[in-house]
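Understanding the architecture of this molecule
Take a look at the letters that make up each chain.
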Amino acid sequence: MQRKILALITPPFAVCRYGCASCCVAPIFVFWLASIGSVIYAFFGGPSGQEGFSWGTLALGIILWAIAVSWAETVIKGVNDDLENPKCQGKSSTLCSIMPNNTPDIDPMDEVNKYL
């Protein structure tokens, strides 16, 4: 439950805490930061410089926030699925569908030395 609440309030920090820092934290942070900026900018009339409040800019901020939250939840769920099933057997996760199951243990330096 804490994971979902943190992902709803601060999506990039939820990914850092419950996911992995290299799993899309930067783009999630950009969407989240843009949504905060858009919500604040809506109070000042938005890009059209209206007198008062800009509902379109507020809607943009809410949409960007929703994208950041759903992206963070997807990343956290994928990381948890991969941790529960490290050998990628049975239920396939997001990482297991990308990575092959039987990768040989090849040393890259052996490959380089072979051509020298």
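Just so it is clear, the structure is predicted and the values come from calculations on it, not from any experiment.

Next up on the list: helix α3 (residues 25–42). Its 18 residues give α3 an end-to-end C-alpha distance of 26 Å, which sits within 8% of 26 Å, the value for a rise of 1.5 Å per residue. For α3, every residue scored as buried is listed here: Val25, Ile28, Trp32, Ser35, Ser38 and Ala42. For α3, the buried positions fall inside an angular range of 165° around the axis, keeping them on one side. Set apart from the buried face of α3 by more than 90 degrees, the exposed residues are Ala26 and Val30.

Turning to the packing of aromatic side chains, a few remarks are in order. Under the definition given, this model contains six aromatic pairs. A ring pair is formed by Phe43 and Phe53, whose centres lie 5.1 Å apart and whose planes are at 65°; its orientation type is edge-to-face. Placement of Phe43 in the loop between α3 and α4 (55–84) and of Phe53 in the loop between α3 and α4 is noted, with a sequence separation of ten residues between them. The exposed category is assigned to Phe43, whose relative accessible area is 54%. Here Phe53 falls in the partly exposed class, since its relative accessible area comes to 25%. Among the aromatic side chains, those forming a connected cluster through ring pairs are Phe13, Phe29, Trp32 and Trp65.

Reading the values: rules and limits
- All residue numbers here refer to positions counted from 1 along the written sequence of the relevant chain.
- Only residues with pLDDT of 70 or above have their local features reported here, since the model is predicted, and side-chain atom pairs are shown and tallied only from 80 upward, although totals for entire chains, interfaces and linings are computed over all residues.
- Values reported for side chains reflect all heavy atoms of the structure, with hydrogen atoms and water molecules removed beforehand.
- The secondary structure listing takes helices from DSSP runs of H or I that are at least 4 residues long and strands from runs of E that are at least 2 residues long, numbered from the N terminus.
- Here, expected helix span is obtained from the residue count minus one, scaled by 1.5 Å.
- Each residue's exposure class comes from its accessible area (1.4 Å probe, protein chains only) as a fraction of the maximum for that residue type: buried when under 20%, exposed when over 50%, partly exposed otherwise.
- In this description, one arc is meant: the one made by directions from the helix axis to the C-beta atoms.
- Pairing of aromatic rings covers Phe, Tyr and Trp, the last through its six-membered ring, and needs centres within 6.5 Å; plane angles under 30 degrees mean stacked, over 60 mean edge-to-face, and all others mean tilted.

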